[in-house]
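Spelled out, the chains give:
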Amino acid sequence: MTTTVTPLRVAVLGQGYVGLPLSMRAVVAGHDVIGIDASTERVKRLAVGDSFVEDVPGVVLDAALNSGRYSVTDDALACEGFDVAVVTVPTPLHEGAPDLSYIESAARMLAPHVRPGSLVVLESTTYPGTTEQLFVPILEAGSGLIAGADFSVGYSPERIDPGNRTWDLGTTPKLVSGIDSESLDRTDAFYSTFVRTTVRVSTCRAAEMAKLLENTFRHVNVALVNELAMFAHDLDIDVWESIEAAATKPFGFMKFTPGPGVGGHCLPIDPSYLSWTVRQRLGRSFRFVELANDINDHMPDYVASRLMRALNRQGVALSRSKVLVLGLAYKRNAGDARESPAVALIHRLLADGAEVSVADPHVVERMPTDALTRRVALTEQELKRADAVVLVTDHDAFDYDLVTAQAALVLDTRHRLDGPNVEQL
Ligand SMILES: NC(=O)c1ccc[n+]([C@@H]2O[C@H](COP(=O)([O-])OP(=O)(O)OC[C@H]3O[C@@H](n4cnc5c(N)ncnc54)[C@H](O)[C@@H]3O)[C@@H](O)[C@H]2O)c1
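How each quantity is defined
Residues numbered from 1 in each chain as written. Predicted model: local features only at pLDDT ≥ 70, side-chain atom pairs only at ≥ 80, totals over all residues. Heavy atoms only, no water. Salt bridge = Lys/Arg side-chain N within 4 Å of Asp/Glu carboxyl O. Helix = DSSP H or I, 4+ residues; strand = E, 2+ residues; numbered from the N terminus. Buried < 20%, exposed > 50% of the residue type's maximum accessible area, 1.4 Å probe, protein only. Near = heavy atom within 4 Å. Polar contact = N/O pair within 3.5 Å; in protein donor to acceptor, adjacent residues only side chain to side chain. Areas by Shrake-Rupley, 256 points an atom, 1.4 Å probe, with all protein chains shown as cover. Pairing = 2+ DSSP bridges. Right-handed = clockwise from strand over helix to strand, strands pointing away. Contact = heavy atoms within 4.5 Å.

Undergrad: What exactly am I supposed to notice about the pattern of salt bridges here?
TA: Pairing between side chains of opposite charge can happen when the charged atoms of each approach one another. Tallying each qualifying case throughout the model produces 25 salt bridges. The salt bridge involving Lys331 is made with Asp161; its shortest N-O contact spans 2.3 Å. Of this pair, Lys331 sits in the loop between strand 11 (322-326) and helix 11 (341-351) while Asp161 sits in the loop between strand 8 (152-155) and strand 9 (174-178); the two residues are 170 residues apart in sequence, bridging distant segments of the chain. Across the pair Arg375 and Asp370 runs a salt bridge, and its minimum N-O distance is 2.8 Å. With relative accessibility at 11%, the residue Asp370 sits in the buried group. Each member of the salt-bridge network shares a partner with another, and the members are Arg332, Asp394, Asp396 and Arg416.

Okay, here's the thing in structure tokens:
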């Protein structure tokens, strides 16, 4: 990280889980940042210091706003005069195919403001070829300039892990790439003002592929232990003990743990960007990804079937039971419930006739499942009221002693609890 920074005018398009932490870092490094987001709702909250991203505490957002070097708006014209623009907009799937409409609209918004000497960096996770074949042509068409000759373009995938207290944006090595060597140098120089280590990758395509590989690796390994957990249960072997034992090997093994399925903006989506590309470009199927999708998507159903069997042993039918689901977020200590396996599990339990209550102190936004469930606090009364409790997301904020003391039956999908009334996944 350099110590003296030449302040740049930075526009960050997308003020979500990726764009907001990035904006805060850039402000601390000394840059002037304008955060632009298409959601008026988000902009209104951020403008008064109300952060919805756990990794950006309100005090950090307040400090940035008070510094006079950060402002947030939904007005695209505000990016006028930028030196560096970073695009951190969503890249979801639409009917199983990559939806790059957000990247396209962000590029169209930026293009009229690109000047000779500008640097534009794409951060969104996407399939190889997006930066050069989709992003650059839109910037060129809207600006009348030539990428490489007149302005620079980079790709630098984000690696943030919300809630991770060890590795953050500043400490996690950041991949940087560019459409040519000057773009690479400039992208590297920009991130080096607030990231400790940058890793230069020779092409945007290789950097785009690297990001997809990272998430596919995790997705496939989670599927492996999820399938193992289902077999181990039927074989009457404690899979958690086997995993812990295997993890004592100091080389050649990396520990992954089973769970109720995968969620968030990355694991359930990014590998499909890769398999889609392989199918489109090569006409072949990426079998590892498809198998992993199949197994991980099945996990909420499996959890529901395990709960049904556990309730049966107590003489209670799932269709007449009251179930308390602990955790709505897709991961521990986070408030993000996008693609959460908890939502799939809740729908399955409701379809089977259960009455479902949900406790999650981190998820504040309203969820579509709210109309069908009760959102409750984790109390002794709620635990006693339920025929069964399912621990889906093991937030540190939950009082686990209270759970094991008061619940009639607990299905623990995270291996967090112990006791005669606790059944492990
Ligand atoms: N969340 C993560 O942990 C994570 C980690 C690594 C990479 N990523 C990737 O980063 C990208 C962004 O993810 P995120 O989690 O920050 O998404 P997000 O939904 O939290 O934030 C994206 C924001 O972009 C805004 N937006 C959409 N179109 C826009 C436009 N044209 N101009 C300005 N703003 C616009 C949306 O309103 C939203 O607030 C995705 O490609 C994702 O795969 C996410």
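Undergrad: Please clarify how the site of the ligand should be interpreted in this entry.
TA: Taken together, the neighbourhood of the ligand is formed by 26 residues, with Val18, Asp37, Arg42, Thr91 and Thr125 sitting nearest. With respect to the ligand, the backbone of Tyr17 contributes an N or O atom lying 3.1 Å from an oxygen atom. Residue Ala38 places a main-chain N or O atom 3.2 Å away from a nitrogen atom belonging to the ligand. Protein contacts shield 94% of the accessible area of the ligand, which totals 820 Å² for the unbound molecule.

Undergrad: I keep staring at the sheet that holds strand 16 (residues 422-424) and nothing clicks. Help me out?
TA: Hydrogen bonding along the main chain pairs the strands of a sheet, whether they run parallel or antiparallel. Pairing within the open sheet is parallel, and its six strands lie in the order 13-12-11-14-15-16. Edge positions in the sheet fall to strand 13 (374-375) and strand 16, since each of these pairs with one other strand and no more. Bridge analysis of strand 11 against strand 12 (residues 355-359) gives five bridges, and the strand direction is parallel. Across the sheet, residue Lys322 finds its bridge partner in strand 12, namely Glu355.

Undergrad: Would you mind going over the pairing of strand 7 (residues 119-122) with me for this structure?
TA: Successive residues of a regular strand alternate their side chains across the two faces of the sheet. With burial as the criterion, each face of strand 7 is covered, one bearing Leu119 and Val121 and the other bearing Val120 and Leu122. Where strand 7 and strand 8 come together, four bridges link them in parallel fashion. The residue bridging Leu119 from the neighbouring strand is Ser152, located in strand 8. Once the chain exits strand 7 it traverses helix 5 (residues 130-143) before rejoining the sheet at strand 8, and the crossover so formed is right-handed.

Undergrad: Hey, could you run me through the side chain of Glu423 in this one?
TA: Counting through the fold element by element, Glu423 comes out in strand 16. Since its relative accessible area comes to 15%, Glu423 is described here as buried. Within the structure, the side chain of Glu423 is placed 2.5 Å from the side chain of Arg313, a separation counted as a polar contact. If sequence neighbours within four positions are ignored, Glu423 has contacts with His233, Arg306, Ala310, Arg313, Val410, Leu411 and Asp412.

Undergrad: Looking at this structure, I do not really get helix 11. What am I missing?
TA: Here helix 11 has its buried residues at Pro341, Ala342, Val343, Leu345, Ile346 and Leu349. Check the buried side of helix 11 and you find it contacts helix 10 (287-313), strand 11, strand 12 and strand 14 (388-391). Residue Gly353 follows helix 11 closely and has a positive phi angle near 95°.

Undergrad: What am I meant to see in unusual backbone geometry here?
TA: Where the residue is not glycine, phi is negative for most of them; where a peptide bond is considered, it is trans in most cases. Even without being glycine, Asp236 reaches a positive phi, approximately 60°. Within the fold, Asp236 resides in the loop between helix 7 (204-234) and helix 8 (239-246). A positive phi angle, close to 60°, is found at Asn333, a residue other than glycine. Among the structural elements, Asn333 can be located in the loop between strand 11 and helix 11.

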